[in-house]
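One letter stands for each residue in the lines below.
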Amino acid sequence: MGLKIKGIMSQKKGEKTCGKCGSAMKRHKGKTLDGVEYIYFKCHECGEKLVDIGQLREFVQNYRTMKSYNVKVSKWGRSLGIRIPKEIASKHGLGDGMEVRVLPEDNGFRIIAEKPTEE
Ligand SMILES: [Zn+2]
């Protein structure tokens, strides 16, 4: 991405001073190659760019939201089934009949795809 992450600065939100040349930095909106938006500061004098910790958190959040999927729950015998999107299945090497682990968590559950062990 070409952005540098630097120490937390003490200025008010929206006001930053360039660490390289001391000029004022302005907020900009950027987009990663996969379309996730983020905010960063850019110096108009020397072109230095940086993101602060709040911007970084926001970016991670946006990224997670974008990389999540809405899937439908459907009845499957006495249990319920969900469809795993093809993209996720192939990324984790999942195939028909394979077992995964379901881990309950506070606000939902996590599905762990375990790589087949060679014995
Ligand atoms: Zn600068």
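Residues numbered from 1 in each chain as written. Predicted model: local features only at pLDDT ≥ 70, side-chain atom pairs only at ≥ 80, totals over all residues.

## Topic: the overall build of the protein
Here is step 1 of the chain: The secondary structure content of the protein amounts to two helices and nine strands.
Here is step 2 of the chain: Each helix and strand of the protein, ordered N terminal to C terminal, gives the series β-β-β-β-β-α-β-β-α-β-β.
Here is step 3 of the chain: When each of the 119 residues of the protein is scored for burial, the buried share is 7%.
Here is step 4 of the chain: For the protein, the share of sequence-separated contacts (at least 6 apart) that also reach a separation of at least 24 residues comes to 31%. (Helix = DSSP H or I, 4+ residues; strand = E, 2+ residues; numbered from the N terminus. Buried ≥ 20, exposed ≤ 12 C-beta atoms within 10 Å, placed from the backbone. Contact = placed C-beta atoms within 7 Å.)

## As for the environment of Lys 49
Here is step 1 of the chain: Within the secondary structure, Lys 49 is located in strand E5 (residues 49–51).
Here is step 2 of the chain: Lys 49 sits in the partly exposed class, given 17 other C-beta atoms within 10 Å.
Here is step 3 of the chain: Distance in space between the C-alpha atoms of Lys 49 and Lys 26 is 9.5 Å, their sequence separation being 23 residues.

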